[in-house]
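Commentary on secondary and tertiary structure
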Amino acid sequence: MTSPVVIAATARHKATLIFFHGLGDTGHGWASPLGSLRPQHVKIICPTAPTMPVTLNGGFRMPSWFDLRSLDASGPEDEEGIRRAAENVHSMIAQEVAAGIPSDKIVLGGFSQGGALALFSALTYSQPLAGVIVMSAWLPLHQKFPGEAKGNKSTPVLQCHGDCDPIVPYKWGQATATVLKQFMTQVEFKTYQGVMHTSSEEEMQDVKEFVARVLKP
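An account of the accompanying structure is given in this report. (Residues numbered from 1 in each chain as written. Predicted model: local features only at pLDDT ≥ 70, side-chain atom pairs only at ≥ 80, totals over all residues. Heavy atoms only, no water.)

What follows is about the sheet that holds strand β2 (residues 15-20). The seven strands lie next to each other as β1-β3-β2-β6-β7-β8-β9, forming an open sheet whose pairing is mixed. Unpaired on one side and paired on the other, β1 (5-7) and β9 (187-192) mark the two borders of the sheet. The mean inter-strand angle of the sheet, taken between neighbouring strand axes irrespective of direction, is 15 degrees. Note that strand β6 (residues 106-111) and strand β7 (residues 131-135) share five bridges and pair parallel. Pairing of Val107 across the sheet is with Gly131, part of β7. Packed on one face of the sheet, helix α3 (residues 113-123) meets β2, β6 and β7 and runs near 145 degrees to β6. (Pairing = 2+ DSSP bridges. Helix = DSSP H or I, 4+ residues; strand = E, 2+ residues; numbered from the N terminus. Axes fitted to C-alpha atoms, helices over the stretch in contact; angles between N-to-C directions. Contact = heavy atoms within 4.5 Å.)

Below, the structure is given as structure tokens:
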């Protein structure tokens, strides 16, 4: 993987937000908007996914956290790739912990495929995190939950989805929230009227408030 985009804390670094972009994007796509909404003590890390062939796009190579094989909720998934990507996320968390930031001062977040990775990585991580931000995304390998969940069942989750999303259908977001609420205690599902597969000002304000709440200095 290429080096992540890092926005240093402007006050003493006490917390970290690691945010994963969507398919075909890079870490640069989210660094600036996130940098403008985080508290001063929070460092932001926006990694860029490795470039790989993506089945859904006819094998075309692009930045992708794992292969996407189907747009069907019950279709085949790249289980090996999903697990490998989550292990890389766990390594990123470990680097922050080694640098002196406790895991419960770290938020994982992401958009679309990146949100899917953030959610799966949080649930398969045994140490407590501060929160999870899931934007226009879904839970990979959802049929393996709650059995697959190792930790973070009481960690706050902000799940955001536009109700006009043509790429990751709104009903996927709703179904994901239903699955999560069966075994998690703090899942907030927010709907954005008329929003397609993108973020909105209202949504970014909700993300700002969530980060400020779960990463109090």
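Having seen the structure, we can now continue with the description.
The next point concerns the packing of aromatic side chains. Inspection of the entire model under this criterion finds seven aromatic pairs. Pairing Phe20 with Trp65 gives two aromatic rings, centres 5.3 Å apart and planes at 90 degrees, and the pair type is edge-to-face. Residue Phe20 is found in strand β2, and its partner Trp65 is found in the loop between β5 (60-63) and α2 (79-98); the two are separated by 45 residues along the sequence. Trp65 carries the same exposure label as Phe20, and that label is buried. Taken together, a centroid distance of 5.9 Å and an interplanar angle of 40 degrees make the contact between Tyr170 and Phe189 tilted. Here Tyr170 is found in helix α4 (residues 170-181), whereas its partner Phe189 is found in strand β9, with 19 residues between them in sequence. Through successive ring pairs, a cluster of aromatic residues spans Phe19, Trp30 and Phe111. (Phe/Tyr/Trp six-rings, centres within 6.5 Å; stacked < 30°, edge-to-face > 60°. Buried < 20%, exposed > 50% of the residue type's maximum accessible area, 1.4 Å probe, protein only.)

Limitation: the analysis is restricted to geometry and does not speak to function.
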